[in-house]
Amino acid sequence: MNQATNLSEVIHINKDPALKNAGPIGKSIPHESAHLHVSGQATYIDDLPEWEGTLHAALGLSTCAHGRIKKLDLSAVYTAAGVRCVYLAKDIPHHNNCGPIVADEPIIADDVIQFYGQVIFVVAADTYQQARAAVRLAKVEYEAFEPILTIDDAIKAESWVLPPVDLKRGETAESLKNAPHRLQGSSAVGGQEHFYLEGQISYAYPKEDHTIHVHCSTQHPTEMQHLICHALGYRAHQVSVEARRMGGGFGGKESQSAQWACIASLLAVKTGKPVKLRLDRDDDMVATGKRHGFDFEWDVGFDDEGRILGLQIQIASNCGFSVDLSGPVNDRAICHIDNAYYLDAVAIRSLRCKTHTVSNTAFRGFGGPQGMFPIEYIIDDIAYYLGHDPLAVRLINFYDDVTQIAAHPETARNTTHYGTTITDNVIPSLVKELAQSCDYTARRAEIDAFNAQSPIIKKGFALTPVKFGISFNATLYNQAGALVHVYSDGTVLLTHGGTEMGQGLYSKIRQIVAHEFAIPLADVRFSATDTSRVPNTSATAASSGTDLNGKAAQAACITIRTRLAIFAAELAHTTLDHVVFSEGHVYAGTDDAIDGKGLQKWTFGELVLRAYQARIQLWDSGFYKTPDIHWNPAIRFGRPFYYFAYGAAATEVAIDTLTGETQILRVDVLHDVGQSINPAIDIGQIEGGFIQGMGWLTSEELYWVKSGAKTGHLFTHAPSTYKIPTAADCPSIFNVKLFNNQNVENTIHRSKAVGEPPFMLALSVFSALRDAVSAAVEAETGIRTKLKPKLEAPATPESILRAIHLGISQPFGPRP
Amino acid sequence: MSSRAIQFYFRGEVQQVEAISPTRTVLQYLREDCHHTGTKEGCAEGDCGACTVVVGELASLDGKECLQLRTVNSCIQFLPTLDGKALFTVEDLAQIQALQTLKDTHSPAINAHSAHAASKTLHPIQQAMVDHHASQCGFCTPGFVMSLWAMYENQTHAPTRTEATEHISGNLCRCTGYRPILDAAIAAYDLPRVTLEREPIISTLKALEALPALSYHIAGQRFFAPRTRAELAVLRIEYPQARLLAGSTDVGLWITKQGRQLSDVIYLGHVTDLKKIDHQDAYIEIGAMVSLTDAFATLTRLDTGWTELARRFASEPIKNAGTLGGNVANGSPIGDSMPALITQSAEIVLQHGASTRRLPLEDFYLDYQKTALMNGEFVAAIRVPISKTIAGMSAYFHTYKIAKRNEQDISAVCGAFAVVLNSAGIVQSARIAYGGMAAIPKRAASCEAALVGQPWSKALIESAKKALQLDFAPLSDGRASAEYRQVIAANLLTRFWFETLPADAATHGAHGQAPHVKRLSDLIPTQAVEG
């Protein structure tokens, strides 16, 4: 344990002169709460002991997609058992808004109903069951207006939440005209329900002197604090928001937790009682925003090898009734239209459609997946049209890597359409390595052979890349703070602005802090994220949690460690460069004093106690802002991303041509997380992201009732009808490997963000499914058509069979 | 029947609960009344598994009394139905582990270091979950732990990957992608085995059996849990408006989702006679309260044609709670057991007072949510004939379920097909029925007529598919469009035909080659493989 060895040797081994630490960095350490998760002892907000007098809130939701309330009869609600408060828009003391960027989203609808399921009143009662029973007693009459429910209808009506945006580079029209080949096409991808297992919940209790503390299941405590303030007419120092852990977030608790935090707080202040608002699953699915669905239309020109020469594309998203985060979501879609491919001449038109549906929001990938969807579709179409292998077409379209840039610096293909020069590209070598390890060429032939002799079951195969920009597009959010307490017994309590939603942020930061002090992990604990401990936090989003908060926590640790090192040097009458923190101990002394009185050694706790007695500050904060990034939002130009994360997946699928059902057979993933801080957590993010992406593109269909009394109602409002993947959908061959790489930028331990990028690996599933549909069509018609069949996502069994029937010219009617 | 407290085994002792609404759920009791918050609410409708608990009941195995442990969704089980049973939640596992550690004199000294010490109190299922990084946000985790614990208690050998998958079919995880959970399910068996001590529980439950049948009255609502068919028959006539409650996999949602109030409730779960499976030479009679798990175990033994349907029929905890009688009595147009039962010429046994009558199941369904059940009558059993092999005749029976998701989904279309061919390959009889195609589960009369007397050929199937179009006018909804339903209903006939072809005949199939792979499920290995 404590090899009191030659000090200069110790320093030599260590990168950082003050640390010799085999330490926890790079180790697969279980999640900091794993032992609590499995024993039911991890406390979520609904598990907290309730304060005496706690009231429970429930929502009265509209049953009309668009209209005005003619009559709202709540008499039976008021007199229902247990009801303590019925609350309407007019009762809100200050701003009736929970929109995070634009103030266009009422907490409680006050005039026009904008979607089926909008909150029109709320109730607080003695029990959860009483509150839910009471809201059902409302009698509401509406003056109904014609709702806009689809992207198509919104475009026709020019119904936007934000004006259309164009981003252009090069002479696209000219390039298209001169291209040897040209294809037009269209497709669509549906939205996605987050389906965090813990639904939205806020628990607010009023405290003395007009202050309030709110436990909120949120990715964005500071925004909750601000919006609660605006609703109550409070100032920031009157409201504190705490979040220990979420039962999943995925973007659904970034802005979407605000309405519930506001309602719980409004009711708490109004009644003077603690108020808990926990959304029933159905209410949660109906009343909270989802991933944006997109429609695409394009015109692409390319050469004989399939190299894209010009691309004109329209991407139209369903934003729902309000702005929410639709601006940045659509901007990220624009910035990921290239995925890993160099687009010389490109013209993008981005439409941000307003419909009378719930306002859509952040969801893992944040528009990135929707941006990449069409380019992978287009590449497949080009390959099929030319009769080339799709992988070959992908390879020639990739951005140049360092070697290629060095070979022809003047004609380097490494600048994105939004003006960023890519310097860290590893996609060509990563994809080649994966193609080799997954046996791409041989399996392609095997699959063709299988399909030739299998009449009913057809297989498909695809390998697709991911390049994903890391940082918030809006530069200001790329900052974080941390607060580190070293107690006089040598234990450490830590907090920062990032929130834990299962992604392992707390676990990784604990590793980082234990490493900085060279102490055991068990000596470092996390206190909940709380706006009263670390203020002005950014959302835990954009995959940036570890990048930002890890650096901030490290900075705080270095400040404290430096103080301790100076103190140790003084005690040992030596200089700072002769102090070493190693394996739970601190050594100070000089070489000539080895084994003599000059080398002093303390446990970390001993030194800390002495430092405390010597009145040295043992706690401090740390701050970090991402360097070198800049973004001009007006022209959408600059370097919004500090670096890129890369990955690729090869997926083999099978489809049943009689029913359209599908099965994922094998998945091989190679993914770049730089130098991993915790490989098990990173692999967990990759696998989980992949399966979630697969769900988005296959079984997870959002379906709104199109006509009749329930027009605009979300039919798929519960897990009975909305189908996320189950264990049976996890491929039985699932090989996930980390790419051997390190971040060229100076990130925390040279790691890379991992939350979102793997989600888009699932595009390989969709591409493979189209491949299988092609095989089915080819078998039926006996001819290899020049275009792959049109397939829309999610590729449900019906969507697959629809595509086959379209391919063999026996089309179904439109999906009602 | 006398009024008394609800009594059940929980946390090592008999709990007595009085004056509780008959529709108070087990989950509400755990979380709100006991403040045992390890068990979570994810959906309150039995579809996500976060609330999974294990219920223990006395059963007999090879003539010996034993404790049967099965998972259920606590969010849709009503507390009074626990009377006489044992309840286990995630909090119990530490206790089971601790008892084992006490018993084990050779147990290594517990390491005082905190994280390590905590891990020593974990059950092997929990420890394997930690070791394999099988939790991320952790909210679904207690439910997975309980599903895997039930598996662990019920089988002494490590599961195959396929088996492990089936055991967690009722648990949704949004974070991990499931791979580490499946790994943990298997790896738990590598750790020293820790099991529940069952004898004290069995004797406790036997003591509870001696109590009078439970019945009570609270706030204008009556709850009865009769023990015999005769008692039930009397109650049924006395309280014809009372809601009969079986597995509550549907009625549970009326309460948690629709906010409906039930008046009087008669719970059937303690009527021993209704939980029997009667094996006769000519038929099997499955009591109305036989769980779907047990019913399918019997039916798949009877005929492998049931296997595919059994595999895709709901999740494990739903099959444990739900009953065949309930599925049939409910009469939903998308209930999955009825098309298959109809093609098997099953009969429904109905009882009124002391008298019983039998009806062909297909005649039980009159219209949407309307059955032939009369006032004061109840479903007692389902009788499934055992078809005898007739010399020179070949009988085929297959079932298929089509839905958006492989597991635990509601059918877009469910199809069942039974044909008998003579030695010349002529169709002697055909019974074909579908769910999801009409307001009730329904036979395809025109299609059947087109088949009988004709040679069993590809050409015949094509004409039968055309006839099928006359039989149904399905609806469009969020699950599927009418047109898709029509197309796949017909295609299932093609699939059935393909699968009846003998291996050599198949080589002369439409595509000139053997259809080696007929179903997607044929492509899934039972064990995880390194590619």
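All values reported here derive from a predicted model rather than from experimental measurement. (Residues numbered from 1 in each chain as written. Chains lettered and ligands numbered in written order. Predicted model: local features only at pLDDT ≥ 70, side-chain atom pairs only at ≥ 80, totals over all residues. Heavy atoms only, no water.)

Student: Tell me about the interface of chain A and chain B, and please be specific about residues and values.
Tutor: The partner chain B presents 92 residues to the 98 residues of chain A that form the contact. Its largest share of buried area at the contact with chain B, chain A owes to Val38(A), Leu197(A) and Leu658(A), together 9% of the area lost on that side. One salt bridge in this structure joins Arg179(B) and Glu687(A), with 2.9 Å as the shortest N-O distance. Sort the elements by how many residues they give to the side of chain A that touches chain B and helix α19 (residues 679-697) of chain A lands first, with 8 residues. Its residues assigned to classes, the side of chain A that touches chain B shows 44 nonpolar, 32 polar and 22 charged. (Contact = heavy atoms within 4.5 Å. Buried area = accessible area lost by both parts, 1.4 Å probe. Salt bridge = Lys/Arg side-chain N within 4 Å of Asp/Glu carboxyl O. Helix = DSSP H or I, 4+ residues; strand = E, 2+ residues; numbered from the N terminus. Nonpolar A, V, L, I, M, F, W, Y, C, P; charged D, E, K, R; others polar.)

Student: Kindly report on the sheet that holds strand β3 (residues 67-73) of chain A, identifying the contributing residues and their values.
Tutor: Residue and element names in this part refer to chain A. Across the sheet, 3 strands lie side by side as β5-β3-β7; this open sheet has antiparallel pairing. Edge positions in the sheet fall to β5 (112-113) and β7 (139-144), since each of these pairs with one other strand and no more. Here β3 runs beside β5; their pairing, made up of 2 bridges, is antiparallel. The residue of β5 that forms the bridge with Gly67 is Ile113. (Pairing = 2+ DSSP bridges.)

Student: Could you give an account of the pairing of strand β4 (residues 83-87) of chain A, naming the residues involved and the relevant values?
Tutor: All names here are of chain A. For β4, a buried count of 4 out of 5 residues is recorded, marking the element as mostly surrounded by other parts of the structure. In this sheet, strand β6 (residues 119-125) lies alongside β4 in antiparallel orientation, the contact comprising 4 bridges. Along β6, the bridge assignment pairs Val83 with Ala125. (Buried < 20%, exposed > 50% of the residue type's maximum accessible area, 1.4 Å probe, protein only.)

Student: Now, about the environment of Ala565(A): what can you tell me, with residues and values included?
Tutor: Residues and elements named next belong to chain A. Relative to the elements of secondary structure, Ala565 occurs in helix α17 (residues 545-571). The exposure class of Ala565 is buried, given its relative accessible area of 6%. Spatially, the C-alpha atom of Ala565 lies 29 Å from that of Thr529, the residues being 36 residues apart in sequence. Those residues in contact with Ala565 that sit more than four places away from it in its chain are Leu576, Val579 and Phe581.

Student: An account of the domain arrangement of chain B is needed here, citing residue identities and associated values.
Tutor: Residues and elements named next belong to chain B. Split into domains, chain B comes out as domain 1 (6-91 + 198-267), domain 2 (280-385) and domain 3 (394-522). Computed from C-alpha atoms alone, the centre-to-centre distance between domain 2 and domain 3 is 22 Å. Buried surface at the junction of domain 2 and domain 3, summed over both partners, amounts to about 2400 Å²; 58% is from carbon and sulfur atoms. Looking only at domain 2, the three residues that lose the most surface to domain 3 are Arg312, Ile334 and Thr343, adding up to 29% of its buried area. Across the contact surface, domain 2 and domain 3 share 4 salt bridges. The shortest N-O distance in the salt bridge between Arg519 and Glu308 comes to 3.3 Å. (Domains from an automatic or database assignment.)

Student: So, empty space enclosed by the protein: which residues are in play, and what are the values?
Tutor: Counted according to the given criterion, the structure contains 16 cavities of 30 Å³ or more. Looking at the largest cavity, its volume works out to about 150 Å³. In terms of lining, the largest cavity is formed by 17 residues, of which the most central are Glu198(A), Gly199(A), Arg278(A), Glu41(B) and Phe139(B). Within the lining of the largest cavity, the residues separate by chemical class into 6 nonpolar, 2 polar and 9 charged. (1 Å grid on protein atoms, 1.4 Å probe; cavity = no way out; pocket = protein on both sides within 12 Å on 5 of 7 lines; lining within 4 Å. Points joined across faces, edges and corners; volume = space filled by probe spheres on them.)

Student: So what's going on with the UniProt feature "domain: Aldehyde oxidase/xanthine dehydrogenase a/b hammerhead" (unreviewed entry) in chain A? Residues and values would help.
Tutor: As recorded in UniProt, the sites labelled "domain: Aldehyde oxidase/xanthine dehydrogenase a/b hammerhead" (unreviewed entry) are residues 39-146 of chain A. Summarising residues 39-146 of chain A: 11% helix, 31% strand, and an end-to-end C-alpha distance of 51 Å. (UniProt positions renumbered as here; feature names shortened; annotations may be inferred.)

Student: Residue-level account of the confidence of the model for chain B, with values.
Tutor: Residue and element names in this part refer to chain B. Confidence in the prediction of chain B, expressed as mean pLDDT, is 92, and 93% of residues score 70 or more. Note that pLDDT drops below 50 for residues 105-119; the model gives that stretch 10 contacts with residues more than four away or on any other chain. The model gives residues 506-515 a pLDDT under 50, and that stretch makes 14 contacts with residues more than four places away or in other chains. (pLDDT = per-residue confidence, 0-100.)

Student: Give me the lowdown on the sheet that holds strand β9 (residues 265-267) of chain B, citing residues and values where you can.
Tutor: All names here are of chain B. Pairing is mixed across the open sheet formed by 4 strands, whose spatial order is β6-β7-β9-β8. The open sheet terminates on both sides in strands that have one partner only, identified here as β6 (214-218) and β8 (243-245). Here the average twist between neighbouring strands, direction ignored, is 15 degrees. Of the strand pairs in this sheet, β6 and strand β7 (residues 221-225) are connected by 5 bridges, and their pairing is antiparallel. When the sheet's bridge partners are listed, Ile218 is paired in β7 with Gln221. In the packing of helix α9 (residues 229-238) onto the sheet, the strands contacted are β7, β8 and β9, and the crossing angle to β9 comes to about 165 degrees. (Axes fitted to C-alpha atoms, helices over the stretch in contact; angles between N-to-C directions.)

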